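Close look at the chain arrangement
Here is how the chains run, residue by residue.
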Amino acid sequence: MFLLKILPFYSIMSQIKEEVFFMISNETVTLEKVLSEFKKISNQYEEDKIKFNKTVELLEHENHLLKEQLEFFKKKLFGKSSEKTKGNPNQISLFDMEEITQEETSEPAVEVETITYTRKKAQGKRQDIFEQFTPELVHHELLGEDCVCPDCQHALKEIGSCIQRKELVFIPAQLKRVDHIQHSYKCSHCSENGTNDKIIKAPVPKAPLNHSLGSSTIIAHTIYQKYQLKVPNYRQEADWNKMGLPITRKELTNWHIRVSEYYFKPLYNLLRETLLKQSYIHADETSYRVLENDTPLTYYWTFLSGKQEKAGITLYHHDKSRSGEVVKEVLGDYSGYIHCDMWGAYRQAKNAKLVGCWAHIRRKFFEANPKNNITSLSAKGLNYCNRLFQLEQEWDCLPVEERYQKRQEEMKSIMDEFFDWCREHSVLPGSKLGKAIEYSLKYESTFRTILEDGNLVISNNLAERAIKSLVIGRKNWLFSQSFEGAQSSAIIMTLLETAKRNGLDSEKYINYLLTNLPNEDTLEKNEILEAYLPWNKNIQETCR
């Protein structure tokens with residue numbers, strides 16, 4: 001490739017020699033004409049020389065980018081996936097020998113003092129675990145012929161006993177049948193004095209789904225299995241059949257869709273309204289596959305409460321698009337702060353203030369340094385980010401106002417220094433370092449938003465962890481058959497993750513909802529639904 005691009009340069013040189021020799025050997029050619037032709041050829045030579053130098057520069061640029069990509073993919077395939085900058089000093093990596101050698105040569109040897117001491121052995125956790133359970137006593141005794149002395153054949157007398165060992169026994173899940181018998185009562189007095197008999201029946205709690213094998217406990221457990229343990233319906237189908245309940249994966253999916261529509265959706269809408277009243281939220285999105293859909297990919301969005309919010313909410317929304325129209329549909333006229341990445345869709349929330357995620361900047365500088373070269377420019381950019389994260393970690397427990405003051409005094413100057421450093425360096429366009437610096441400067445104002453309020457946080461990791469729960473499930477479920485099924489998953493995931501965030505047992509919470517919501521007169525009044533929110537006092541006492 002390189003030879004093909006430089007061959008024209010050598011052909012031009014040969015052409016110059018031939019033409020000059022011909023003109024000199026021809027006596028009829030004047031000196032002015034020779035000089036004119038030579039000047040013309042010389043100009044052509046200069047133009048070709050410039051083109052040649054540009055070609056070489058382009059090839060060097062391309063070669064650098066290819067080498068960078070090679071190192072990046074080697075790190076992805078064989079290196080550690082963690083983005084921590086300091087590893088275990090006692091463990092040597094086969095792929096980071098350059099880093100180790102550099103550290104060994106750059107740092108002087110330090111004398112190490114070994115201090116030894118003795119302490120009382122702490123009691124293990126094993127005993128604490130056993131204390132949680134009520135013991136069932138199993139006595140091992142000598143009875144009958146076994147309770148005889150082997151030497152004199154006389155009867156043995158018991159002199160004491162002790163606990164020899166403790167163990168926990170697993171009791172497999174089982175199904176039991178419960179028949180709800182309704183009793184009827186007749187008023188004899190009214191019947192004797194009136195024209196009709198007065199009959200009153202005892203109230204019977206309603207089932208979540210009429211004429212179905214799915215009780216509240218069974219449906220709650222299938223939801224817990226699928227969305228918390230990430231067990232697909234086809235695996236659950238085999239497990240339920242083993243226990244004697246012949247249900248199909250289609251029936252399981254149908255249960256989830258129906259209870260979401262009947263009972264969970266009103267509560268989901270109330271959670272969304274409550275979230276939009278909060279001043280700080282996080283947002284993220286990921287792709288998903290729905291078979292019965294006109295586009296190859298659909299998208300799950302997550303919007304969740306800020307770290308400081310007591311009534312924490314994690315909301316999932318499923319949509320066909322990843323455009324800004326979804327943000328406008330879900331957030332409406334929201335006017336608070338949104339922690340997010342720099343995806344353009346979030347800028348459609350015109351009244352909101354975007355808060356940039358510094359973890360994204362840090363990741364870009366980390367990826368620009370696959371060999372962990374501590375003297376490189378990318379390492380210096382990474383170090384700026386590490387300093388900011390270290391400060392945030394130290395200030396985590398401070399009051400909001402004090403944290404705000406600390407950011408103005410210390411963090412602001414580091415940010416100024418970082419962005420000035422980015423502007424000072426001109427690096428190879430298209431390289432990972434070039435992209436990291438370009439990304440930092442392009443959205444500088446958004447990354448500085450954290451300085452405005454002590455309640456804001458430095459990264460959007462809260463939303464990324466929330467979306468990760470869905471991504472892990474996606475690896476097991478692979479896809480949804482229908483768009484309706486994908487929407488019901490978003491509603492169920494919202495209730496489960498919000499319950500977890502408020503310290504509840506998510507399966508108990510779902511079971512509580514399916515037991516009590518069918519018996520409410522209406523689910524259209526917020527006054528009724530508020531009693532079922534995860535932070536409600538009664539829910540906290542019942543579902544922990």
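Reading the values: rules and limits
- Residues numbered from 1 in each chain as written.
- Predicted model: local features only at pLDDT ≥ 70, side-chain atom pairs only at ≥ 80, totals over all residues.
- Heavy atoms only, no water.
- Helix = DSSP H or I, 4+ residues; strand = E, 2+ residues; numbered from the N terminus.
- Buried < 20%, exposed > 50% of the residue type's maximum accessible area, 1.4 Å probe, protein only.
- Contact = heavy atoms within 4.5 Å.
- Areas by Shrake-Rupley, 256 points an atom, 1.4 Å probe, with all protein chains shown as cover.
- Axes fitted to C-alpha atoms, helices over the stretch in contact; angles between N-to-C directions.
- Parallel < 35°, antiparallel > 145°, perpendicular 65-115°, else oblique.
- Left-handed = near helix turned anticlockwise from the far one by under 90°.
- Phe/Tyr/Trp six-rings, centres within 6.5 Å; stacked < 30°, edge-to-face > 60°.
- Nonpolar A, V, L, I, M, F, W, Y, C, P; charged D, E, K, R; others polar.
- Pairing = 2+ DSSP bridges.
- Patch = residues over 30% accessible without salt bridge, like charges linked within 9 Å, V, L, I, M, F, W, Y side chains within 5 Å.
- Salt bridge = Lys/Arg side-chain N within 4 Å of Asp/Glu carboxyl O.
- pLDDT = per-residue confidence, 0-100.
- Core = buried A, V, L, I, M, F, W, Y, C linked by side-chain atoms within 4.5 Å.

This paragraph deals with the overall build of the protein chain. For the protein chain, the helix and strand inventory stands at 19 helices and 7 strands. For the protein chain, the residues scored as buried account for 37% of the 544 residues in total. A sequence separation of at least 24 residues applies to 67% of the contacts in the protein chain between residues at least 6 apart. In the structure as shown, the protein chain presents an accessible area of about 35700 Å², 53% of it carried by carbon and sulfur atoms.

Before going further, it helps to spend a moment on the packing of helix α16 (residues 483-501) against helix α17 (residues 506-516). Where α16 contacts α17, the axes come no closer than 9 Å and their chain directions differ by 125 degrees. Taken together, α16 and α17 sit at an angle that is classed as oblique. Judged by the twist between their axes, the crossing of α16 over α17 is right-handed. Here Leu495, Leu496, Ala499 and Lys500 of α16 come into contact with α17, specifically with Ser506, Tyr509, Ile510 and Leu513.

One pass over the structure, following the stated rule, counts 18 aromatic pairs. Both rings, one in Tyr288 and one in Tyr300, keep their centres 4.9 Å apart while their planes meet at 70 degrees; by these two values the pair is edge-to-face. Here Tyr288 is found in strand β3 (residues 280-288), whereas its partner Tyr300 is found in strand β4 (residues 298-305), with 12 residues between them in sequence. The burial state of Tyr288 is the same as that of Tyr300; both residues are buried.

Contact geometry of helix α10 (residues 358-367) with helix α12 (residues 400-424) gives a least axis separation of 15 Å together with a crossing angle of 40 degrees. Of the possible angle classes, the one that applies to α10 and α12 is oblique. Judged by the twist between their axes, the crossing of α10 over α12 is left-handed. Here Trp358, Ile361 and Phe365 of α10 lie close against α12, whose contacting residues are Met415, Phe418, Phe419 and Trp421. Taken together, the residues of the contact of α10 with α12 sort by class into 7 nonpolar, no polar and no charged.

Our focus in this paragraph is the sheet that holds strand β6 (residues 337-340). Strand order in the open sheet formed by 5 strands is β5-β4-β3-β6-β7, and the pairing between neighbours is mixed. Only two strands of the sheet have a single neighbouring strand rather than two, namely β5 (314-319) and β7 (353-356). Geometrically, the sheet is characterised by an average inter-axis angle of 30 degrees between neighbouring strands, direction not taken into account. Looking at chain direction, β4 and β5 are connected through 6 bridges and run antiparallel. Bridge pairing links Trp301 to His317 in β5. Relative to the sheet, helix α9 (residues 324-331) contacts β3, β4, β5 and β6, its axis offset from that of β5 by approximately 135 degrees. Lying over the sheet, α16 contacts β3, β4 and β5, oriented at roughly 170 degrees with respect to β5.

A word on the pairing of β5. Among the 6 residues of β5, 6 are classified as buried, and the element is accordingly described as predominantly covered. Neither face of β5 is left uncovered, since the one carrying Thr314, Tyr316 and His318 and the one carrying Leu315, His317 and Asp319 both have all their residues buried.

Right, let's talk about unusual backbone geometry for a bit. Positive phi, normally seen in glycine, also occurs at His211, with a value near 55 degrees. You can see His211 is positioned in the loop between β2 (198-201) and α6 (216-228). Residue His211 is classed as exposed on the basis of its relative accessible area, which comes to 88%. Non-glycine residue Leu478 carries a positive phi angle of around 75 degrees. By the element assignment, Leu478 lies in the loop between α15 (461-477) and α16.

Turning next to the environment of Lys364. Structurally, Lys364 can be placed in helix α10. Given the relative accessible area of 30%, Lys364 is considered partly exposed. As a C-alpha pair, Lys364 and Tyr439 span 75 residues in sequence and 8.8 Å in three-dimensional space. Beyond its immediate sequence surroundings of up to four residues, Lys364 is in contact with Lys432, Ala436 and Tyr439.

We now examine a nonpolar patch on the surface. On the surface, Ile129, Phe133 and Leu168 cluster together into a nonpolar patch covering about 290 Å² of accessible area. Examined against the element boundaries, Leu168 turns out to sit in the loop between α4 (125-131) and β1 (184-187).

Attention now goes to the confidence of the model for the protein chain. Interpretation of this model should avoid reading the predicted coordinates in detail wherever pLDDT is low. Confidence along the protein chain averages 85 in pLDDT terms, with 83% of residues attaining 70 or more. When mean pLDDT is taken per element in the protein chain, α17 scores highest with 97 and helix α3 (residues 97-106) scores lowest with 43. Low pLDDT, under 50, characterises residues 1-7; the predicted model gives this stretch 5 contacts beyond four residues in sequence or across chains. Contacts of residues 87-107 to residues separated by more than four positions or lying in other chains number 16 contacts, the stretch itself having pLDDT below 50.

Counting 69 residues, the largest nonpolar core has Ile223, Phe264, Leu331, Ile338, Tyr509, Ile510 and Leu513 as its most contacted members. Here this core gets 10 residues from one element, more than from any other, and that element is helix α8 (residues 249-276). Not counting the four nearest positions on each side in its chain, Leu331 is found in contact with Leu276, Ile281, Phe303, Ile338 and Ala349. Counting 32 residues, the second largest nonpolar core, distinct from the first, contains Met342, Leu388, Cys422 and Phe447.

With that settled, consider the pattern of salt bridges. Counting across every chain of the model gives 17 salt bridges. Ionic pairing is found between Glu237 and Arg249, a salt bridge with its closest N-O pair at 2.8 Å. Placement of the pair is Glu237 in helix α7 (residues 233-242) and Arg249 in helix α8, with a sequence separation of 12 residues. Relative accessible area serves as the criterion here: at 18%, Glu237 is assigned to the buried category. A relative accessible area of 44% places Arg249 in the partly exposed class. Taking the shortest distance from any N to any O, the salt bridge between Lys353 and Glu452 comes out at 2.7 Å. Here the residue Lys353 occupies a position in strand β7, and Glu452 occupies one in the loop between α14 (444-447) and α15, the gap between them amounting to 99 residues. Its relative accessible area of 36% is what places Lys353 among the partly exposed residues. According to the relative accessible area criterion, Glu452 is partly exposed, its value standing at 39%.

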